[in-house]
Amino acid sequence: MERSVGSGRRSGSDGRPAPPKITPAVEKLQRRVQETLDLLSPQELSHFRVILRTVDEGPRVSPLRLELEGGSKAGLALLLAQHYYLPAVSRVLVKVLQQLGRADLLPLWQSADDAGGWEIPRKIAKRSYDWVDGDQDRYDLSGKRKAFLMCVEKNRPGAHRDVMLMTEWLGQCQFEHTSCIDPNKMELLGKISSFRDGLNEIKDDVGCCLVTLMSHGEKGFIKMKNGEKVSLEDIFEMFNNKNCPALQEKPKIFIIQACRGEKRDNGVETDDEPMESDDVSERSRLPTFSDYFIIYPTQADHVALRHPRTGSVMIEAMAEVFKQHGNKCHIADFFTKVNNRVVHTEFHLHEEPIKVSLVMESTLTKSVYF
């Protein structure tokens, strides 16, 4: 039945319904929500909208309304304030911020039950790892995340599980990946060259590159299914700033799961000497090798560990740490947690105790968050 004029919302001069009046309470809540949204990066804000669609706090915001009204921070803040009110809006924000990994913002929405108890400070300190000389300093990963996954499964029991775990992890970190299983030397070099050339063709759209190589190996080399050796330095060089300009000032991550020698560490502790570094405040040129992050599963000259049923020790630990912490850690912190798990786990090889420790090599200039 058609409504008579005056029985519904007032209409404007163009005949469309006038927007509902915003009460002072809603306006105040909108400002508070927007102060929180202002502390999120563009990427975090994009993920915020995605998570909001699935948060289990009824009634959910419809995707259409979120698209129409939540495009800007102010619009999204008003939408939340009008749709949920207090205290529901606080529960929604807590759930979304937890999934974003922004635990530093949770106290804003966990400390009160009603509007009278809220007190949002004028300025909130950013997380320590967001700061470099006072500015947020992290790589922009809004472009395409490209990965290359090579694994020799032949004569490596458990390797198939490594592929499964790595494929799952890459998907969770939003990587598009190219697989290369059981290649010989020419096949690997051909495929990884094509992968690199593909990055250069979409230079402006690339945000990050990750290469995973899993096989037998020795110091400086990784072995193919037929025993042929490929130099790791040659592979690293393919992606440097000269040969892969698409990745200039973008993170290049290498995860190497292979032995680096025959030595076995039975648990003797050694101290690492601190490395000196120079602080260069300005630069007019890029080093040939910069923005690299390389992970090895063991120390130089030592064996790496792989279980015939559960797969490689490092890959399994990566999956376990990601389940616990998600993508809220900087990549160095993530692999530090992985290393902590590996170092404090007991392993035996031919009934002898054996210990391993990951090795990280980095020329990153910013933080990497997936």
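Residue positions are counted from 1 within each chain, in the order its sequence is given. A pLDDT threshold of at least 70 governs which residues receive local features in this predicted model, and a stricter bar of 80 or more applies before side-chain atom pairs are shown or counted, although totals over entire chains, interfaces and linings include all residues. Each side-chain value is worked out from all heavy atoms of the structure, with water and hydrogens disregarded.

- By the naming in an unreviewed UniProt entry, the protein is Caspase-14-like, taken from Suricata suricatta.

### A word on unusual backbone geometry
- At Asn155, a residue that is not glycine, the phi angle is positive and equals roughly 60°.
- Secondary structure counts use DSSP, requiring at least four H or I residues in a row for a helix and at least two E residues in a row for a strand, with both numbered from the N terminus. Turning to its location among the elements, Asn155 is positioned in the loop between strand E3 (144-151) and helix H7 (159-172).
- Judged by relative accessible area, Asn155 falls into the exposed class, the value being 62%.
- Of note in the backbone geometry, Glu249 takes a positive phi value of approximately 60° without being a glycine. A simple rule labels every residue: compare its accessible area, found with a 1.4 Å probe on the protein chains alone, to the largest value its type can have, and call it buried under 20%, exposed over 50%, or partly exposed in between.

### Here we look at helix H11 (residues 331-343)
- A helix is expected to reach a length of 1.5 Å times the quantity of its residues less one. With 13 residues, H11 extends 18 Å between its outermost C-alpha atoms, agreeing within 8% with the 18 Å of an ideal straight helix rising 1.5 Å per residue.
- Every buried residue belonging to H11 is among Ile331, Phe334, Phe335, Val338, Asn339 and Val342, and all of these are buried. Mapping the buried residues of H11 onto a view down its axis gives an arc of 135°, with all of them on the same face.
- Whether two residues are in contact is decided by their heavy atoms: any pair within 4.5 Å suffices. Along its buried surface, H11 packs onto H7, strand E9 (252-257), strand E10 (292-296), helix H10 (313-325), strand E13 (347-349) and strand E15 (359-362). Arc, as used here, means the arc of the directions from the helix axis to the C-beta atoms.

### Quick look at the side chain of Ser231
- Within the secondary structure layout, Ser231 lies in strand E8 (residues 229-231).
- Any pair of nitrogen or oxygen atoms within 3.5 Å is treated as a polar contact; in protein, a donor-acceptor pairing is required on top of that, and neighbouring residues in sequence qualify only through side-chain atoms on both sides. In terms of polar contacts, Ser231 uses its side chain to reach the backbone amide nitrogen of Glu233, at 3.3 Å.
- Residues within four places of Ser231 in sequence aside, it is in contact with Gly220 and Phe221.

### Structural notes on the nonpolar core
- Remark: nonpolar core denotes a set of buried residues (Ala, Val, Leu, Ile, Met, Phe, Trp, Tyr, Cys) joined through side-chain atoms within 4.5 Å. In this structure, Trp169, Met318, Phe335 and Phe370 are the most contacted members of the largest nonpolar core, which totals 45 residues.
- No other element matches H10, which puts eight residues into this core.
- Excluding its chain neighbours within four sequence positions, the residues that come into contact with Phe370 are Gln43, Leu141, Arg145, Trp169, Cys173, Gln174, Phe175, Cys208, Leu210, Ile253, Asn327 and Ile331.

### A short note on the side chain of Thr212
- Tracing the backbone through its elements, the reader meets Thr212 in strand E5 (residues 206-214).
- If near-sequence neighbours (up to four positions away) are discounted, Thr212 is found in contact with Phe148, Leu149, Met150, Met166 and Ile255.

### Regarding the sheet that holds E8
- The strand order across the open sheet built from three strands is E6-E7-E8, with neighbouring strands paired in antiparallel fashion. Among the strands making up the open sheet, the edge pair consists of strand E6 (217-218) and E8.
- Only strands joined by at least two bridges in the DSSP assignment are considered to pair. Sheet topology places E6 next to strand E7 (residues 221-223); two bridges connect them, and they run antiparallel. Each residue of the ladder has a partner; that of Gly217, found in E7, is Ile222.

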